[in-house]
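Examination of the molecular architecture
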Amino acid sequence: MKGKCLVWAAIGVVLSVLGWSSPAAADICWTGPDVGEGACSLPAGHVAGCVAPFIVQDPSRDACPADNSAADGTGNYTLKTSTTTVVNVVSRQVSKAIRPGRAVATKTAEVLGSDPVFTQYASGNHYGFGLAAGDTGRGFNLWGNFTFTESDSDQARLVFDSKLNTSILGIDTSINDKIGAGIALSYEIFDNKTTYNDGDMSTKGYSFVPYIAMLVNEHLSVDLLVGYGLIDIDQRESVKTSSLDADKIFTQFNINGYHSIGNWNFTGTLSLLYANEKQDAYYIAYDASTIDANRVELGQFSCAAEVSYLFTSFEPYAAVAYENEYKYADPRAGTTYDHNGFLASLGARILMNEFITGELEANHAFGRSNMDEYSILANLRYSF
C-alpha cells in the first residue's frame with residue numbers, strides 16, 4: 001500500500017512539473033490530440049491544464065482555444081447555404097425569363113383571348129423578359145423573392161441549428177429575341193446556434209448578381225450569373241466574442257432543357273457552381289489572441305428535373321435535384337460531411353393577370369447523414 005502511495009505521489013510531482021494542476025470536482029482537463037468524444041482538438045504535443053482561458057472543459061461540449069465558427073466550425077456550411085439560396089433563386093428567374101413558349105401560352109390565350117393586349121402577351125411567354133424593343137413596350141421585368149431556410153446538424157462534435165432569411169430584388173430585360181440580361185441585389189441574415197462550442201454566429205450580408213441568358217432553340221437555353229458579396233460576421237464561443245468582415249465571389253453556369261406534351265411541361269437543368277469567401281483576420285480581446293485570415297471554397301455540381309401541369313393560369317409542379325459538392329472541406333477535425341445529397345421541391349406558379357406572376361415553393365434537402373434542411377420561398381414578378 002505504501003509503495004502505491006509513493007508511485008502516485010511521484011506521478012503527481014511529474015504532472016506538476018509538466019504544468020498540470022488539480023481540477024475542481026466538476027471540471028475535466030484534456031490533453032491533445034482528441035481524448036474521447038467531446039474532447040478538445042489541440043495541436044500535437046500541446047498540454048492543456050486547468051488554467052484560464054478555455055481549457056477546462058465539460059465533456060458534453062467541445063470548445064478549444066483556436067476553435068471558432070467562421071474559420072473551422074460551420075463556415076463552410078454557411079457559405080454553401082447562403083450562396084446556393086441566392087444562385088438558385090436568380091437562376092430560376094433567368095431560366096423562366098427566356099424559356100421557350102410552353103403549354104401555358106396556348107392555354108392562356110384560349111381562355112383569355114378576348115383581351116387583345118393579354119392575348120399578345122400570353123401568346124409569347126408569361127415568364128419572359130418582355131418583348132424586344134420596338135414591340136409592345138413591355139420590355140422589363142421587376143421581380144422579388146423571399147426565402148426562409150432552417151437547418152440543423154446532430155452530428156457529435158458539430159451540433160448546430162441555423163436559420164437563414166434571404167430577400168432578393170432583381171430586374172431584367174431583353175437584348176434581342178434570343179438573349180436577355182439582368183441584375184439582382186440580395187440581403188441575407190444568418191443566425192446559427194453552434195451547440196458544439198457553446199456559441200453562436202450571426203452574419204449579415206449583401207450580394208450583387210448580374211446575369212445573362214441565351215435561348216439556343218425551342219428546347220434549350222443556357223445562362224450564366226456572377227456575384228460579389230460583402231459579409232459582417234459576429235460570433236461567440238462561450239464567453240469569447242469576436243467580429244470580422246468577409247467578402248465572396250461566386251458564379252454558376254446552367255444548361256436548361258424544356259419539353260411539353262399537351263398541358264404537361266418537363267424541365268431539366270445541369271448546374272455548375274463555384275464560390276470563394278475570404279475572411280479577414282480578427283482579434284479576440286478575451287485572451288488577446290489573433291486569428292489569421294481564412295479562405296473558404298465551395299464547388300457544387302447539380303442536376304434537377306421538374307414536371308408541371310397547367311390548369312389555365314395555375315401551374316403546380318414537383319422537382320427533385322441531385323447535388324454533389326466536389327469542393328467542400330470537412331468542417332472540423334474528427335467530423336465528416338456527406339458531399340452528396342438531394343433536394344425535393346413542391347410548388348405552384350400563378351398567372352395573376354397580364355402583368356404579374358407569382359410562385360410559392362417548399363423544399364426539403366435530404367440524403368446527408370446527421371443533417372436536415374427545410375426552406376420555403378415566394379416569388380413575385382411584374383412585367384412592364
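Residues numbered from 1 in each chain as written. Predicted model: local features only at pLDDT ≥ 70, side-chain atom pairs only at ≥ 80, totals over all residues. Heavy atoms only, no water.

**Side note on the confidence of the model for the chain**
Per-residue confidence for the chain gives a mean pLDDT of 75; residues scoring 70 or more make up 66%. Low pLDDT, under 50, characterises residues 11–72; the stretch is placed with 111 contacts to residues that sit more than four places away or in other chains. (pLDDT = per-residue confidence, 0-100. Contact = heavy atoms within 4.5 Å.)

**Remarks on the environment of K278**
Tracing the backbone through its elements, the reader meets K278 in strand 9 (residues 264–279). With 33 residues separating them in the primary sequence, K278 and D245 have C-alpha atoms 8.7 Å apart. Apart from residues lying up to four places away in sequence, K278 is in contact with D245, A246, D247, N294 and R295. A polar contact of 3.4 Å, which involves the side chain of K278, links it to the side chain of D280. (Helix = DSSP H or I, 4+ residues; strand = E, 2+ residues; numbered from the N terminus. Polar contact = N/O pair within 3.5 Å; in protein donor to acceptor, adjacent residues only side chain to side chain.)

**Regarding the side chain of N276**
Along the chain, N276 falls in strand 9. Look at N276 and you get buried, because its relative accessible area is 12%. Aside from chain neighbours lying at most four places away, what touches N276 is D247, K248, I249, R295, V296 and E297. (Buried < 20%, exposed > 50% of the residue type's maximum accessible area, 1.4 Å probe, protein only.)

**Looking at empty space enclosed by the protein**
Counted under the stated rule, the structure contains eight cavities of 30 Å³ or more. By volume, the largest cavity amounts to about 800 Å³. N88, R92, A304, L343 and E361 are the residues nearest the centre of the largest cavity, which is lined by 40 residues in total. With 10 residues, the single largest contributor to the lining of the largest cavity is helix 3 (residues 75–98). Split into classes, the residues belonging to the lining of the largest cavity amount to 11 nonpolar, 20 polar and nine charged. (1 Å grid on protein atoms, 1.4 Å probe; cavity = no way out; pocket = protein on both sides within 12 Å on 5 of 7 lines; lining within 4 Å. Points joined across faces, edges and corners; volume = space filled by probe spheres on them. Nonpolar A, V, L, I, M, F, W, Y, C, P; charged D, E, K, R; others polar.)

**So, the side chain of S308**
Looking at the element boundaries, S308 is found in strand 12 (residues 294–309). Take S308: its relative accessible area is 1%, and that puts it in the buried class. Within the local environment of S308, its side chain forms a polar contact with the side chain of E315, the two groups lying 2.7 Å apart.

**Here's the deal with the packing of aromatic side chains**
For the structure on display, the rule yields eight aromatic pairs. Geometrically, the ring pair formed by Y322 and F342 is tilted, given 5.6 Å between the ring centres and 55 degrees between the ring planes. With a gap of 20 residues between them, Y322 in strand 13 (residues 314–327) and F342 in strand 14 (residues 340–351) connect regions that are remote in the sequence. Overall, the relative accessible area of 26% leaves Y322 in the partly exposed class. Overall, the relative accessible area of 35% leaves F342 in the partly exposed class. With a centroid separation of 5.8 Å and an interplanar angle of 15 degrees, the aromatic rings of Y382 and F384 are classed as stacked. R349 extends its terminal NZ or CZ atom over the ring of Y317, reaching a point 4.2 Å from the ring centre. (Phe/Tyr/Trp six-rings, centres within 6.5 Å; stacked < 30°, edge-to-face > 60°. Lys NZ or Arg CZ within 6 Å of the ring centre and 35° of its normal.)

**Let's talk about the sheet that holds strand 12**
The strand order 3-4-5-6-7-8-9-12-13-14-15-16 describes a closed barrel built from 12 strands, whose pairing is antiparallel. With direction set aside, neighbouring strand axes in the sheet form an average angle of 15 degrees. Of the pairings in the sheet, the one linking strand 15 (residues 356–366) to strand 16 (residues 371–383) comprises 10 bridges and is antiparallel in character. Each bridged residue has a counterpart across the sheet, and for H364 the counterpart in strand 16 is Y374. (Pairing = 2+ DSSP bridges. Axes fitted to C-alpha atoms, helices over the stretch in contact; angles between N-to-C directions.)

**Here's the deal with the nonpolar core**
Within the largest apolar cluster, 24 residues are counted, with the highest numbers of intra-cluster contacts made by V90, W143, A184, V209, Y211, L225 and F250. At the level of elements, helix 3, strand 4 (158–174), strand 6 (199–217), strand 9 and strand 12 are the ones that each hand at least two residues to this core. The element that contributes the greatest number of residues to this core is helix 3, accounting for seven residues. In this view, A184 contacts V90, W143, I168, L169, G170, S207, F208, V209 and Y211; residues no more than four positions away in its chain are not counted. (Core = buried A, V, L, I, M, F, W, Y, C linked by side-chain atoms within 4.5 Å.)

**Considering unusual backbone geometry**
Non-glycine residue A288 carries a positive phi angle of around 55 degrees. Counting through the fold element by element, A288 comes out in the loop between strand 10 (282–284) and strand 11 (289–291). One non-glycine residue, T312, lies in the positive phi region at around 55 degrees. Relative to the helices and strands, T312 is located in the loop between strand 12 and strand 13. Overall, T312 belongs to the partly exposed group, its relative accessible area being 32%.

**So, the pairing of strand 5 (residues 179–194)**
Bridge count for strand 4 against strand 5 is 15 bridges, and the pairing is antiparallel. Each residue of the ladder has a partner; that of D161, found in strand 5, is K193. Counted between consecutive antiparallel strands, the loop separating strand 4 from strand 5 contains four residues. Examined bridge by bridge, strand 5 and strand 6 share 16 bridges and lie antiparallel to one another. Bridge assignment links L185 to a residue of strand 6, and that residue is F208.

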